[in-house]
Amino acid sequence: MDYHNETIREKIRKAFSLKEDSASHEEIRKRLLDGGKVTGTNMCVLVCAMVIASVGLNMSSTAVIIGAMLISPIMGSILASAFASVSADYPLLKNHMTGFGLQIAISITAAALYFLLSPVKEPTTELLARTSPTFFDVLIAFFGGIAGIIGQTREDKVNTVIPGVAIATALMPPLCTCGYSIANGRWDMLLGAGYLFILNAYFIFLSASIILSVLKIPKTGELTEKQWRRHRLRMVRNTIIIAVPSIVAVYYMVI
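Draft legend 1. Focus on the overall build of the protein chain. Counting its regular elements, the protein chain contains 12 helices and zero strands. For the protein chain, the N- to C-terminal ordering of α and β elements is α-α-α-α-α-α-α-α-α-α-α-α. If you take every contact in the protein chain between residues at least 6 apart in sequence, the share linking residues at least 24 apart comes to 84%. Here the protein chain has roughly 13,200 Å² of accessible surface; of this, 68% comes from carbon and sulfur atoms.

Draft legend 2. Up close: a nonpolar patch on the surface. The grouping of V45, I52, L70 and I71 at the surface amounts to a nonpolar patch, some 280 Å² of accessible area in total. Listed by contribution, the elements that provide at least two residues to the nonpolar patch are α3 (40–59) and α4 (62–71). Within the element layout of this structure, L70 appears in helix α4. Take L70: its relative accessible area is 43%, and that puts it in the partly exposed class.

Draft legend 3. Highlighting helix α8 (residues 135–152). Relative to the 26 Å expected for 18 residues at 1.5 Å per residue, α8 spans 26 Å between its end C-alpha atoms, a close match to the ideal helical length. The set of residues buried in α8 consists of V138, A141, F142, G144, G145, I146, G148, I149, G151 and Q152.

Draft legend 4. Highlighting the environment of L32. Structurally, L32 can be placed in helix α2 (residues 25–35). Considering only alpha carbons, one finds L32 and A84, 52 residues apart in sequence, at a separation of 9.5 Å. Once residues lying within four places of it in the same chain are set aside, the contact partners of L32 are G76, L79, A80, F83, I149, Q152 and L212.

Draft legend 5. The pattern of salt bridges, seen in detail. If you walk through the whole model with that rule in mind, you get five salt bridges. Put simply, D34 and K30 hold a salt bridge, and the shortest N to O gap is 3.0 Å. Of the two residues, D34 and K30 are both situated in helix α2; the distance of four residues between them amounts to about one turn of the helix. Across the salt bridge formed by K37 and D34, the nearest N and O atoms sit 3.4 Å from each other. Classification of K37 as partly exposed rests on a relative accessible area of 44%. The class of D34 is partly exposed, set by a relative accessible area of 31%. Here the residues in one salt-bridge network are K30, D34 and K37, joined through shared partners.

Draft legend 6. View of unusual backbone geometry. We note that A88 has phi near 60°; this positive angle belongs to a residue other than glycine. For A88, the position within the fold is in the loop between α5 (74–86) and α6 (90–117). A residue is classified by how much of its surface remains accessible, and A88, at 8% relative accessible area, is buried. Backbone geometry at K216 places phi at a positive 55°, although glycine is not the residue there.

Draft legend 7. Geometry of helix α10 (residues 172–184). End to end, α10 covers 19 Å across 13 residues, agreeing with the expected 18 Å (1.5 Å per residue, within 8%). The buried count for α10 comes to 11 of 13 residues, which makes it a mostly enclosed element. Restricting attention to buried positions, one finds in α10 the residues M172, P173, P174, L175, C176, T177, C178, G179, Y180, S181 and A183. Packed against the buried residues of α10 are α3, α4, α5, α6, α7 (125–128) and α11 (187–214). Two residues or fewer past α10, G185 is found with a positive phi of approximately 65°.

Draft legend 8. Examining the packing of α3 against α6 more closely. Running from N to C, α3 and α6 point in directions that differ by 40°, and their axes come no closer than 9 Å. Judged on the interaxial angle alone, α6 and α3 are oblique. Handedness of the crossing formed by α3 with α6: right-handed. Contact with α3, carried on its side by M43, L46, V47, M50, S54, V55 and N58, involves L102, Q103, I106, S107, I108, A110, A111, Y114 and F115 of α6 and no other residues of that element. When grouped by side-chain class, the residues that make up the contact of α3 with α6 number 12 nonpolar, four polar and no charged.

Parameters at a glance
In this numbering scheme, every chain counts its residues from 1 along its sequence in written order. Local features in this predicted model are restricted to residues of pLDDT 70 or higher, and side-chain atom pairs are both shown and tallied only at a pLDDT of 80 or more, whereas totals for entire chains, interfaces and linings draw on every residue. Calculation of side-chain values draws on the structure's entire complement of heavy atoms; hydrogens and water are dropped beforehand. Secondary structure elements are defined from DSSP: runs of H or I of at least 4 residues count as helices, runs of E of at least 2 residues count as strands, and each element is numbered from the N terminus. In this analysis, two residues are considered to be in contact whenever any of their non-hydrogen atoms come within 4.5 Å of each other. We get accessible surface area from the Shrake-Rupley algorithm with a probe of 1.4 Å; when it comes to residues, only the shown protein chains can shield them. Only residues whose relative accessible area exceeds 30% and that form no salt bridge enter a patch; like-charged residues are grouped when within 9 Å of one another, and nonpolar side chains (Val, Leu, Ile, Met, Phe, Trp, Tyr) when within 5 Å. Each salt bridge in this description consists of a side-chain nitrogen of Lys or Arg and a carboxyl oxygen of Asp or Glu lying within 4 Å of one another. Each residue's exposure class comes from its accessible area (1.4 Å probe, protein chains only) as a fraction of the maximum for that residue type: buried when under 20%, exposed when over 50%, partly exposed otherwise. Under the convention used throughout, the expected extent of a helix is 1.5 Å for every residue step, that is, one less than its residue count. Inter-axis angles, ranging from 0 to 180 degrees, are taken between N-to-C directions of lines fitted to C-alpha atoms, where helices are fitted over the stretch in contact. An angle below 35 degrees is treated as roughly parallel, one above 145 as roughly antiparallel, one from 65 to 115 as roughly perpendicular, and anything else as oblique. Left-handed describes a crossing in which the near helix is turned anticlockwise from the far one by less than a right angle; the clockwise case is right-handed. Any residue that is not Ala, Val, Leu, Ile, Met, Phe, Trp, Tyr, Cys, Pro, Asp, Glu, Lys or Arg is counted as polar, Gly included; the first ten are nonpolar and the last four charged.

In structure tokens:
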């Protein structure tokens, strides 16, 4: 009986093992860092995606919004940043975070310019839907991030997970809504949309970092136990600070 139980546990362990079909650490590094490159090509695609998403939000076209999310390269920077953080490569982390910040600035600028020129000034239901984040968005971003990083670290190069993650986590629409808010002076919408984007981006980063840690990504520099403890405490603190407003929002939804 003990042997039988052990066999069942072993099967369950193997069924959920992340290491069974994972790519090599070198391949994972190459995929994630290549996906996070802020190049001329990626920036052009990003601007196109922002304009397409802005048109979709402006016209309340779900299909157009989904199309924009599928072609956006912005998630690559988040996954690359997570890799740099887990591998303790802080110059690389700074580089990708700077690139991510540049992507955000260009995205919001492109959206703001579109909405300045657009004759449709009233906020649509699609725009308003991106201004009230709740804890449910945390769950979507967290589990979407897990699915995304697992898809990126598999041995099989054919990745069918990322497109679905891009749609589910919805990074582009909140940025477009920020652009709309700036263009039309809707600062109340800017606060909600900006928070939704931060929520999505942070929890994708967090979940990707957890999975990469489980896969034991090699570190470029060794940290002392005190430094790692400080790093973990910062992550816990940041998670609580970012998540609390969304939990409060759910509370007010149900009372």
